[in-house]
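Listed here are the chains, written in short residue letters.
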Amino acid sequence: MTLEQVFGDILCQARNNKNISQEQLGALSGYHRTYISLLERGHKSPTLVTLFKLAETLDIKASFLIEQVEARMQEDQDEDI
C-alpha cells in the first residue's frame, strides 16, 4: 500500500470509531465530503493543516494518526522481507 492509502485507511477507521459519516466529518472539519472520500481512498495527501483539523474534529491527536500510519507502513515493510 502507498503512504496515501495507509493514511486513508487509518482516517477511515478513526472516523468509523466516532460513528460519523464522511459528510459529517467534512462539515465538522470544514472540508467537502468528496475531499474526505479522496483522502480515505488514498487519492489525495493531506496538508499539515488538514491533518491537524481532521484530528481535532475526530478528537484525537494528529500524532496518533501519524503513529498509526508509521506502524502500518512498518508492518507492510516487515511482510515484504
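Each remark here, short or long, concerns the structure printed above.
The sections below set out a description of the structure shown in this document. (Residues numbered from 1 in each chain as written. Predicted model: local features only at pLDDT ≥ 70, side-chain atom pairs only at ≥ 80, totals over all residues. Heavy atoms only, no water.)

With respect to the packing of aromatic side chains
- One pass over the full model with this rule turns up one aromatic pair.
- For the ring pair Y31 and Y35, a centre distance of 5.4 Å and an interplane angle of 35° mean the geometry is tilted. The residues Y31 and Y35 share a single accessibility class, namely buried. (Phe/Tyr/Trp six-rings, centres within 6.5 Å; stacked < 30°, edge-to-face > 60°. Buried < 20%, exposed > 50% of the residue type's maximum accessible area, 1.4 Å probe, protein only.)

Quick notes on the nonpolar core
- Counting residues in hydrophobic clusters, the biggest one holds 18 residues, and the most contacted among them are L11, L25, L54, L58 and L65.
- Those elements that provide at least two residues to this core are α1 (3-17), α3 (33-40), α4 (48-57) and α5 (62-80).
- Broken down by element, this core gets its largest block of residues, five residues, from α1.
- When near neighbours in sequence (up to four residues on either side) are disregarded, L54 contacts L11, L25, S29, Y31, I36 and L39. (Core = buried A, V, L, I, M, F, W, Y, C linked by side-chain atoms within 4.5 Å. Helix = DSSP H or I, 4+ residues; strand = E, 2+ residues; numbered from the N terminus. Contact = heavy atoms within 4.5 Å.)

Looking at the packing of α1 against α5
- Axis separation between α1 and α5 bottoms out at 9 Å; the angle between their running directions is 130°. Between α1 and α5, the crossing angle belongs to the class labelled oblique. Our pair here, α1 against α5, has a crossing hand that is right-handed. Counting all contacts with α1, which are made through L3, V6, F7, D9, I10, Q13 and A14, the residues of α5 involved are L65, Q68, V69, R72, M73 and D76.
- Class assignment of the residues belonging to the contact of α1 with α5 gives a composition of eight nonpolar, two polar and three charged. (Axes fitted to C-alpha atoms, helices over the stretch in contact; angles between N-to-C directions. Parallel < 35°, antiparallel > 145°, perpendicular 65-115°, else oblique. Left-handed = near helix turned anticlockwise from the far one by under 90°. Nonpolar A, V, L, I, M, F, W, Y, C, P; charged D, E, K, R; others polar.)

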